[in-house]
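Here is how the chains run, residue by residue.
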Amino acid sequence: AQSVTQPDIHITVSEGASLELRCNYSYGATPYLFWYVQSPGQGLQLLLKYFSGDTLVQGIKGFEAEFKRSQSSFNLRKPSVHWSDAAEYFCAVGNFNKFYFGSGTKLNVKP
Amino acid sequence: EPEVTQTPSHQVTQMGQEVILRCVPISNHLYFYWYRQILGQKVEFLVSFYNNEISEKSEIFDDQFSVERPDGSNFTLKIRSTKLEDSAMYFCASSVNSHYEQYFGPGTRLTVT
């Protein structure tokens, strides 16, 4: 069965520190992988996506993610977190018709 | 930059009433989707729609739900007889084709009392 696991419900990092949000997936075929960000009261904004090719993908706002097929992972990283990055982050895996979302990781940024 | 819009932003209804949630997808997009997010929970797929018919639906999308593209711009989700457990944020999304990412609207918060 298809599923996405985000093992960290809450993460707190200091501003300027590096960040890694974990995502593991279970999917029967070659996955399309996505990271979305949701600020309070807002919709979902696409940060980056992986369809094929280079396994390290760059996204908006300085985020990147690496697809590791052997580990079924698609972790999100940022070298230096800004206070405005505080939000909830969702990993998703999809096919042509539907996405499966993880339960999200809430990021808190300390000054 | 084009975006998906949804109306209303918040809808309050009584149990048993019918509600229609409206979405205007990005104009050149051909695939349309509805998702819901119960407060504090993950985003869940409801239905995908292409070429005026449902492509795929989840087990959540039972007979009380229906979708329609009544004209060239709107995409609607109808809940025929709302239940308390239908209270959630409902997101509409669209994509230019099935191989591309989905763009999400800001959501409609539905509160069933």
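That block above? That's the structure.
Residues numbered from 1 in each chain as written. Chains lettered and ligands numbered in written order. Predicted model: local features only at pLDDT ≥ 70, side-chain atom pairs only at ≥ 80, totals over all residues. Heavy atoms only, no water.

1. Describing the nonpolar core
Buried together is how nonpolar side chains tend to be arranged in soluble globular proteins. Put simply, the test is: Note on terminology: a nonpolar core comprises buried Ala, Val, Leu, Ile, Met, Phe, Trp, Tyr and Cys residues joined through side-chain atoms within 4.5 Å. Relative accessibility thresholds used throughout: buried, under 20% of the residue-type maximum; exposed, over 50%; partly exposed, between the two (1.4 Å probe, protein chains only). Strands are runs of DSSP state E lasting at least two residues, helices are runs of H or I lasting at least four, and both sets are numbered from the N terminus onward. In this description, contact between two residues means that some pair of their heavy atoms is separated by no more than 4.5 Å.
By size, the foremost hydrophobic cluster in this structure holds 27 residues, and its most contacted members are L19, W35, L47, L48, F74, L76 and Y89 of chain A. Residue assignment for this core shows that the elements contributing at least two residues are β2 (10-14), β3 (19-21), β5 (32-38), β6 (44-50), β8 (64-68), β9 (73-78), β10 (87-94) and β12 (105-110) of chain A. Element by element, the count of residues in this core is highest for β10 of chain A, at four residues. Leaving out residues up to four positions away in the same chain, Y89 of chain A has contacts with Q6, L21, W35, Y36, V37, L47, F63, L76, G104, T105 and L107 of chain A. Ranked by size, the runner-up nonpolar core spans 23 residues in total, among them V4, L21, V67 and I79 of chain B.

2. Notes on the pattern of salt bridges
How we decide: Whenever a carboxyl oxygen of Asp or Glu lies within 4 Å of a side-chain nitrogen of Lys or Arg, that contact is scored as a salt bridge.
Per the stated rule, a full pass over the model turns up six salt bridges over all chains. In this structure, E64 of chain A engages R77 of chain A in a salt bridge whose closest nitrogen and oxygen atoms are separated by 3.3 Å. In this pair, E64 of chain A is assigned in strand β8 and R77 of chain A in strand β9, connecting sequence segments 13 residues apart. Assessed through its relative accessible area of 19%, E64 of chain A is described here as buried. Its salt-bridge partner being E44 of chain B, residue R36 of chain B comes within 3.1 Å of it at the nearest N-O pair. Residue R36 of chain B is classed as buried on the basis of its relative accessible area of 11%. Taken together, the salt bridges that share partners define one network made up of E64, E66 and R77 of chain A.

3. Focus on empty space enclosed by the protein
Empty space left among the atoms is revealed by rolling a probe the size of a water molecule over them. Residue and element names in this part refer to chain B. We count it as follows: Only protein atoms enter the 1 Å grid, on which a cavity is a set of points fitting a 1.4 Å probe that cannot get out and a pocket is an open set with protein on both sides within 12 Å along at least 5 of 7 lines, lining residues being those with an atom within 4 Å of a point. Grid points are joined across faces, edges and corners, and a volume is the space filled by probe spheres set on the points. Note on residue categories: nonpolar means Ala, Val, Leu, Ile, Met, Phe, Trp, Tyr, Cys or Pro, charged means Asp, Glu, Lys or Arg, and polar means any other residue, Gly included.
For the structure on display, the rule yields one cavity of 30 Å³ or more. In this model, the largest cavity occupies a volume close to 30 Å³. Lining of the largest cavity is provided by P25, I26, S27, H29, F32, R69, G72 and S73. Split into classes, the residues belonging to the lining of the largest cavity amount to three nonpolar, four polar and one charged.

4. Focus: the state of the cysteines
We count it as follows: Disulfides are defined in this document as cysteine sulfur pairs within 2.5 Å.
In total, this model carries two disulfides over all chains according to the counting rule given. Linked covalently through their sulfurs, C23 of chain A and C91 of chain A form a disulfide whose S-S length is 1.9 Å. Torsion about the S-S bond of the C23 of chain A and C91 of chain A cystine: about -65°, corresponding to left-handed handedness. Here the residue C23 of chain A occupies a position in the loop between β3 and β4 (24-26), and C91 of chain A occupies one in strand β10, the gap between them amounting to 68 residues. Neither C23 of chain A nor C91 of chain A differs from the other in exposure class; each is buried. Put simply, C23 of chain B and C92 of chain B are joined by a disulfide, and their sulfur atoms are 1.9 Å apart. For the disulfide bridge between C23 of chain B and C92 of chain B, the dihedral angle about the S-S bond is near -65°, and by the sign convention the bridge is left-handed.

5. A few points about the interface of chain A and chain B
Defined as follows: Note on terms: buried area is the combined drop in 1.4 Å-probe accessible area of two parts once they are placed together, counting the loss on both. Identification of polar contacts relies on pairs of N or O atoms within 3.5 Å, with a donor-acceptor requirement for protein atoms, meaning one able to donate a hydrogen and the other able to accept it, and with residues adjacent in sequence counted only if both atoms are side-chain atoms.
The partner chain B presents 18 residues to the 20 residues of chain A that form the contact. Overall, the association of chain A and chain B removes approximately 1,700 Å² of surface from exposure, summing both partners, and the carbon and sulfur fraction of that is 55%. Residue E101 of chain B pairs with K49 of chain A through a salt bridge whose shortest N-O separation is 3.5 Å. One can count four residue pairs in polar contact (both at pLDDT 80 or more) joining chain A with chain B. If you list the elements that add at least two residues to the side of chain A that touches chain B, you get β5, β6 and β11 (99-101) of chain A. Per-class residue counts for the side of chain A that touches chain B are 11 nonpolar, seven polar and two charged.

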